[in-house]
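Here's the letter readout for the chains.
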Amino acid sequence: MKPGKELLFCALGGSGEIGMNVNLYGCDGKWLMVDLGMTFSGNEYPGVDLVFADLDFIEENKKDLLGVVLTHAHEDHIGAVPYFIEDLGVPMWATPFTARLVNDKLEEAGLIGEVELNVVHDLEPFQIGPFTISYLPLAHSIAEGNALLIDTPYGRIFHTGDWKLDDDPRVGVPTTQEELTAIGDEGVLAMVCDSTNVFNPEASGSEGEVYHALLEEMPKHKGKRVLVTTFASNVARLQTLGEVARASGRKLCVAGRSLDRIIGAAKASGYLEDFPPVIRFDEAKDVPRGQLLIVATGGQGEPRAALSRITDESHQLKLERGDVVLFSSRQIPGNEIAIGRIQNKLASRGIEIVTDRQSPIHVSGHPGRPELEALYGWLRPEILIPVHGEMRHMAEQARLGAAYGIPKTVFQGNGDLVRIAPGKPGKFGEVRHGRLVLDGDIISAANGDAITMRRRLAINGMVTVAIGAKGAVEVAGLGLPLDEDYDRFVAEARADVTKALGKLNGPAQRDRALRIEAARLAARRAATRWSGKKPQVQVILLGD
Ligand SMILES: [Zn+2]
Ligand SMILES: [Zn+2]
């Protein structure tokens, strides 16, 4: 599918879900991709960590794809780059901090020199085919959050990226209200906007407030070790914690590989310049308890991250009864159980827990309703296209925008082809879309045979039947709740399979498919009789 004399929008990921953002703009025969993100898998796909958008549509049209513009360095915006960029074979654009983290990924994947990564150092517009693009800094929970201003022959798009309003962001200089109003004065055809926090009736709050709240926490815990867990990528929060350590006379110790990586990238990009020296784990042991501030990854309950290991006492850094853990991060939906496990363990060890419910030690990086309405008012777009949300978030933002007075809203999901101009904006078609998983080293369909079978095995267990050339039968079960009855089940299943095979008459005795099916049914019935379960049965015919 090739865009004609028109301006198109199509999300391949990130619309109808929070994660794996992949957005396409089409114009005068060409496509432009904005962001190439991934999602972390929950329990949905057993044995899988990473989930990607199915890019088949754009891979088939890659001769018309001009490049990928990356808004910011969160994994839901850049995480799929190392897995797909070589095949797409197009250049990328990013601001320095984002480019640095993308470069780390390319290096890890052995792709340095194989793909083109353009670093955009200033806010000057640049041209990619029919698209003229400028980065516009907006506050977010990472350094260099950016909106994109995309000018086309059919009008101007304001692609918000992930954003919030913050008059004290601690790091970076967001585009001002006056500058955004001036953009609105020039006319915005379509605003493609973050929907994550549309149900939040309040504004997100400022990093400056978090700084003061964290500073106020320290004197409350005199003589105690304080551990703060936060997202590694939140450079402003790290800046704040550096200042809090210095102001409260505590030495700073950092636990977690992603923190080391982000601090390195941030310093190389001109951030965290006055970050205090970081002490090693073995040095931390000798620091008096009340003079140590630990920053650790793992606030989402990730079992291999530093906080989890410190909690389980399998880390060089130790916490004792009376010490304090501050959760300076939000609970991502789906992680409540894992976070609860860690908090319960900490509580049972007599370690105090402070979350953003007791003290404003965290603010979100996404806009609440007052912020959305403020931006609508400054930009005054003709069309609102909500993205970056589940269906309920995007539908609600469409309602909010319409109620505010935006003339047209387009409610769309992954795979919908939307014509922005000319004519009445709206959906006019659908392209292939879906999810892929990284399963071991293989990228495959998220609901393909392997994952489907793995789910069944996890739920029902498995029975293997081996049939020898001379009719000998062996049975083995895995994951069946039989314990001491297991041997009797095996004996009965063997007898049943032998009997079922014996009942086959004439040519059926030599028909492999019929023999396998008879054995499968007999073994499965035996398993159901003994356990109430309906396991997967694998029959192996040896010999003929
Ligand atoms: Zn983000
Ligand atoms: Zn995002």
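Structural data are supplied above this passage.
Residues numbered from 1 in each chain as written. Chains lettered and ligands numbered in written order. Predicted model: local features only at pLDDT ≥ 70, side-chain atom pairs only at ≥ 80, totals over all residues. Heavy atoms only, no water.

Asks: Is there a simple way to explain the coordination of the zinc ion (ligand 1) in this structure?
Replies: Ideal values for angles at a metal depend on the geometry: 109.5 degrees with four tetrahedral donors, 90 or 180 degrees with six octahedral donors. Within the protein, His72 (NE2), His74 (ND1), His140 (NE2) and Asp162 (OD) serve as the donor atoms for the zinc ion (ligand 1), at 2.1 to 2.3 Å. Coordination at the zinc ion (ligand 1) is irregular: its four donor atoms span angles of 92 to 162° at the metal. Site description for the zinc ion (ligand 1): donor spacing in sequence, H-x1-H-x65-H-x21-D. Separating the zinc ion (ligand 1) from the zinc ion (ligand 2) is a gap of 3.5 Å, which Asp162 spans by donating to each of them. Remark: His140 occurs in the loop between β10 (131–137) and β11 (146–152) and His74 occurs in the loop between β6 (65–69) and α2 (75–78); sequence separation between them is 66 residues. Neither residue differs from the other here; His74 and His140 are each classed as buried. (Donors = N, O, S within 2.8 Å, 3.2 Å for Na, K, Ca; no water. Tetrahedral: all angles 85-135°; square planar, octahedral: opposite > 155°, others 65-115°. Helix = DSSP H or I, 4+ residues; strand = E, 2+ residues; numbered from the N terminus. Buried < 20%, exposed > 50% of the residue type's maximum accessible area, 1.4 Å probe, protein only.)

Asks: When you look at the sheet that holds strand β1 (residues 7–13) in this model, what are you seeing that I'm missing?
Replies: Sheet strands associate in pairs through backbone hydrogen bonding, adopting either a parallel or an antiparallel arrangement. Here we have eight strands laid out as an open sheet, ordered β8-β7-β6-β3-β2-β1-β22-β23, and mixed in their pairing. Both outer strands of the open sheet, β8 (117–119) and β23 (426–430), are each paired with one neighbouring strand and no more. Averaged over all pairs of adjacent strands, the angle between strand axes in this sheet comes to 25°, irrespective of strand direction. Of the pairings in the sheet, the one linking β6 to strand β7 (residues 92–94) comprises two bridges and is parallel in character. Bridge pairing links Val69 to Trp93 in β7. Across the sheet, helix α4 (residues 96–108) lies against β7 and β8, angled at about 155° from β8, the strand it touches most. (Pairing = 2+ DSSP bridges. Axes fitted to C-alpha atoms, helices over the stretch in contact; angles between N-to-C directions. Contact = heavy atoms within 4.5 Å.)

Asks: How do you make sense of the nonpolar core when you look at a structure like this?
Replies: Considering soluble globular proteins, one finds that nonpolar side chains tend to be buried as a cluster. In this structure, Leu36, Ile58, Met92 and Phe97 are the most contacted members of the largest nonpolar core, which totals 81 residues. Broken down by element, the residue count for this core peaks at six residues, all from helix α7 (residues 235–247). Contact partners of Ile58, with chain neighbours within four places excluded, come to Leu12, Leu24, Trp31, Met33, Leu65 and Leu88. (Core = buried A, V, L, I, M, F, W, Y, C linked by side-chain atoms within 4.5 Å.)

Asks: Teacher, can you tell me more about the pattern of salt bridges here?
Replies: Opposite charge on two side chains makes pairing possible when the charged atoms of those side chains draw close. One pass over the full model with this rule turns up 36 salt bridges. Residue Lys164 is joined to Asp166 by a salt bridge in which the shortest nitrogen-to-oxygen separation is 3.9 Å. Across the pair, exposure class does not vary: Lys164 and Asp166 are buried alike. Salt bridges here are not isolated pairs; linked through shared partners, they connect Arg225, Arg289, Glu320 and Asp323. (Salt bridge = Lys/Arg side-chain N within 4 Å of Asp/Glu carboxyl O.)

Asks: What's the story with the pairing of β1 in this structure? I'm lost.
Replies: The side chains of a regular strand alternate between both faces of the sheet. Of all seven residues in β1, seven are buried, a share of seventy percent or more. Two elements, β1 and strand β22 (residues 416–421), share three bridges in a ladder whose sense is antiparallel. By the bridge assignment for β22, Leu8 is matched with Arg419. Relative to strand β2 (residues 22–27), β1 runs antiparallel, the two sharing six bridges. Bridge pairing in β2 places Cys10 opposite Leu24.

Asks: Mind showing me how you'd approach the coordination of the zinc ion (ligand 2) here?
Replies: Listed as protein donors to the zinc ion (ligand 2) are Asp76 (OD), His77 (NE2), Asp162 (OD) and His388 (NE2); their distances from the metal cover 2.1 to 2.2 Å. For the zinc ion (ligand 2), the four donor atoms in the first shell make angles of 89 to 162° at the metal, so the coordination geometry reads as irregular. As a motif over one chain, the donors of the zinc ion (ligand 2) read D-H-x84-D-x225-H. Since its relative accessible area comes to 2%, His77 is described here as buried.

Asks: Help me understand the packing of aromatic side chains, please; the structure alone is not making it clear to me.
Replies: Two descriptors summarise a pair of aromatic rings, namely the distance from one centre to the other and the angle between the planes of the rings. Applying the stated rule across the entire model yields nine aromatic pairs. Considering the side-chain rings of Trp93 and Phe126, the 6.1 Å spacing of their centres and the 20° angle between planes classify their relative orientation as stacked. Linking Trp93 in strand β7 with Phe126 in strand β9 (residues 126–128), this pair joins segments that are 33 residues apart in sequence. Relative accessible area serves as the criterion here: at 15%, Phe126 is assigned to the buried category. Ring centres of Phe126 and Tyr135 lie 6.2 Å apart, and the angle between their planes is 25°; this geometry places the pair in the stacked category. Exposure class is identical for Phe126 and Tyr135. Each is buried. (Phe/Tyr/Trp six-rings, centres within 6.5 Å; stacked < 30°, edge-to-face > 60°.)

Asks: Just to check I follow, could you spell out helix α13 (residues 391–404) for this structure?
Replies: Each full turn of the α-helix corresponds to 3.6 residues, which orients residues three or four apart in the same direction. Between its first and last C-alpha atoms α13 spans 20 Å; for 14 residues at 1.5 Å apiece the expected length is 20 Å, and the two agree. Taken together, the buried positions of α13 are occupied by His393, Met394, Glu396, Gln397, Ala398, Leu400 and Gly401. Where α13 is buried, its residues meet β13 (190–194), α12 (369–379), β20 (383–387) and β21 (408–409). Note on α13: the residue one or two positions beyond its end, Gly405, has a positive phi of about 115°. (Expected span 1.5 Å × (residues − 1).)

The analysis is restricted to geometry; functional conclusions fall outside its scope.
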